[in-house]
Each structure stands twice: as C-alpha cells, then as structure tokens.
Amino acid sequence: MKAWLRQYLGKMRGTTRGSPPRVSNEEIIWSWIGSFLGIAAVAWTGQLFFQGYDLALMIGSFGASAVLLYGAVRSPLAQPRNLLGGHMISALVGVICWKLLQEHPWLAQSAAVATAIALMHVTRTLHPPGGATALIAVIGSREIHDLGFYYVLMPATVGPLILLAVALLVNNLPKSRRYPEIWF
C-alpha cells in the first residue's frame with residue numbers, strides 16, 4: 001500500500017519540461033482577429049435576429065471554443081466534427097439531465113458533464129467546451145430551461161456554425177494556417 005501511494009503521489013509532481021514555447025506575434029494577431037470576429041458574429045447575430053425572443057445565442061462555452069478554433073487551429077479538439085458534435089451532444093445531454101434530475105441539482109450537474117464527456121468520447125467528438133454547454137443547460141437561467149430541447153438547436157448548433165464559418169474564413173488567410181485539418 002505504501003509503495004502504491006508513493007507511486008500515485010509521484011505522478012502529481014509533473015515534469016521538468018517547463019512551460020510551452022511562445023507562439024509568434026503573427027500567430028497571436030491571427031488568434032485575436034479570429035476570436036474577435038467569431039464572437040462578434042455570434043453576438044451580432046443574436047442581437048440582430050433574436051433579441052426580444054428570450055433566446056440566448058451566446059453562451060459562455062463559446063469563449064472556450066474560440067480559444068480552440070482560433071488559438072489552437074490544428075488541435076484535434078478544434079476540428080469541425082468536434083466543435084459541432086461536441087456542443088450538440090452535450091446540449092442534448094444537459095437538457096435531458098435537467099428534465100430528469102432537476103429536483104437534485106448536484107446530480108443533474110455532475111451527470112450532465114460526465115455523460116457529455118463519455119458520449120463525446122464514444123462519438124469521437126471530444127470538445128472540452130461541450131462540458132460547459134451541458135452544464136449551462138442545467139445551471140442556466142429560467143430562459144435557458146424554458147428552451148428545453150430547442151437549446152440543442154439554439155444556441156448549441158447555430159452558435160458553433162457561426163464560429164465555424166468565421167474559422168474557415170479567417171484561419172485560411174495567412175500562409176501559416178490551414179483549417180480544418182479534418183472535417184469528419
């Protein structure tokens with residue numbers, strides 16, 4: 001038992017590799033431009049077309065998606081399959097967990113995130129912001145809860161589609177970037 005505990009705790013020391021290398025100034029600028037335009041497009045679309053309908057097109061998990069789509073362009077987690085599938089599956093899981101377990105919020109929250117992660121693994125659509133999308137379906141406002149399964153479409157499908165359109169346009173402008181690496 002003592003040897004196992006020593007080995008277990010030893011895994012938590014990390015490595016001596018240091019922090020990751022800094023990216024170029026060009027990469028920083030393109031990441032900024034892409035994320036600004038992507039989030040602006042979602043926000044502007046929501047304000048223009050959905051204001052006054054109690055529909056939220058912008059949710060917090062899109063900020064994390066922007067980090068992947070515009071700051072880690074080549075990451076498998078940033079590819080279209082992962083972006084769209086991750087948000088859609090996670091939203092569906094979150095809504096189901098809210099509907100079934102809302103009387104036990106702690107259980108609904110933990111089941112939503114854990115089940116979303118498991119299903120994203122099974123479907124090969126792992127997108128870390130999807131965990132937040134599932135959680136938002138559970139902890140969101142009354143307006144989010146009132147959307148019910150519509151939450152899967154709006155915002156969890158429409159928002160990522162807008163982010164994807166901007167990523168396709170912006171990430172292919174510089175010679176140093178190519179997006180996507182894979183579609184499906």
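The structure this text deals with has already been given above.
Residues numbered from 1 in each chain as written. Predicted model: local features only at pLDDT ≥ 70, side-chain atom pairs only at ≥ 80, totals over all residues. Heavy atoms only, no water.

Engineer: Can you help me understand the environment of Ala 111 in this one?
Structural biologist: Positionally, Ala 111 belongs in helix 5 (residues 105–122). For Ala 111 and Gly 94, which are 17 residues apart along the polypeptide, the C-alpha to C-alpha distance reads 8.4 Å. Ignoring sequence-local partners within four residues, the contact set of Ala 111 consists of Val 93, Cys 97, Leu 101 and Ala 116. (Helix = DSSP H or I, 4+ residues; strand = E, 2+ residues; numbered from the N terminus. Contact = heavy atoms within 4.5 Å.)

Engineer: Looking at this model, I keep getting lost on the nonpolar core. Mind explaining?
Structural biologist: Note that soluble globular proteins tend to have their nonpolar side chains buried in a common cluster. Val 42, Leu 69, Tyr 70, Tyr 151, Leu 163 and Tyr 179 are the most contacted members of the largest nonpolar core, which has 29 residues in total. Those elements that provide at least two residues to this core are helix 2 (25–50), helix 3 (61–71), helix 4 (80–101), helix 6 (129–139), helix 7 (142–147), helix 8 (150–153) and helix 9 (158–170). Top element by residues in this core is helix 9. It accounts for 6 residues. Those residues in contact with Leu 69 that sit more than four places away from it in its chain are Ala 78, Leu 83, Leu 163, Ala 167, Asn 171 and Tyr 179. If you look at the next biggest cluster of nonpolar residues, it comprises 10 residues, including Val 93, Ala 108, Ala 111 and Ala 116. (Core = buried A, V, L, I, M, F, W, Y, C linked by side-chain atoms within 4.5 Å. Buried < 20%, exposed > 50% of the residue type's maximum accessible area, 1.4 Å probe, protein only.)

Engineer: Could you clarify how one ought to interpret a nonpolar patch on the surface in this entry?
Structural biologist: Nonpolar side chains collect at one region of the surface, where Met 1, Trp 4, Leu 5, Tyr 8, Leu 9 and Met 12 lie side by side and expose about 710 Å² of accessible area between them. Mapped onto the elements of the fold, Trp 4 is located in helix 1 (residues 2–10). A relative accessible area of 48% places Trp 4 in the partly exposed class. (Patch = residues over 30% accessible without salt bridge, like charges linked within 9 Å, V, L, I, M, F, W, Y side chains within 5 Å. Areas by Shrake-Rupley, 256 points an atom, 1.4 Å probe, with all protein chains shown as cover. Salt bridge = Lys/Arg side-chain N within 4 Å of Asp/Glu carboxyl O.)

Engineer: I would appreciate a short explanation of the pattern of salt bridges in the present structure.
Structural biologist: Where charged atoms from two side chains of opposite charge come close, those side chains can pair. Counted by the stated rule, this structure contains 3 salt bridges. A salt bridge links Arg 74 to Glu 181; its shortest N-O distance comes to 3.0 Å. Taken as a pair, Arg 74 in the loop between helix 3 and helix 4 and Glu 181 in the segment after helix 9 lie far apart in primary sequence, 107 residues in all.

Engineer: It is not clear to me how unusual backbone geometry should be interpreted in this structure. Could you clarify?
Structural biologist: With the exception of glycine, the majority of residues adopt a negative phi angle, and the majority of peptide bonds are in the trans configuration. Met 154 connects to Pro 155 through a cis peptide bond whose omega is 25 degrees. Its identity is not glycine, yet Arg 124 carries a phi of approximately 55 degrees, on the positive side. With respect to the secondary-structure elements, Arg 124 resides in the loop between helix 5 and helix 6.

Engineer: How do you make sense of helix 6 when you look at a structure like this?
Structural biologist: Because an α-helix completes one turn every 3.6 residues, residues spaced three or four positions apart along the sequence face the same direction. With respect to burial, helix 6 is a largely interior element, 8 of its 11 residues being buried. Looking only at helix 6, the buried set comprises Pro 129, Gly 130, Gly 131, Thr 133, Ala 134, Ile 136, Ala 137 and Val 138. Check the buried side of helix 6 and you find it contacts helix 3, helix 4, helix 5, helix 7 and helix 8.

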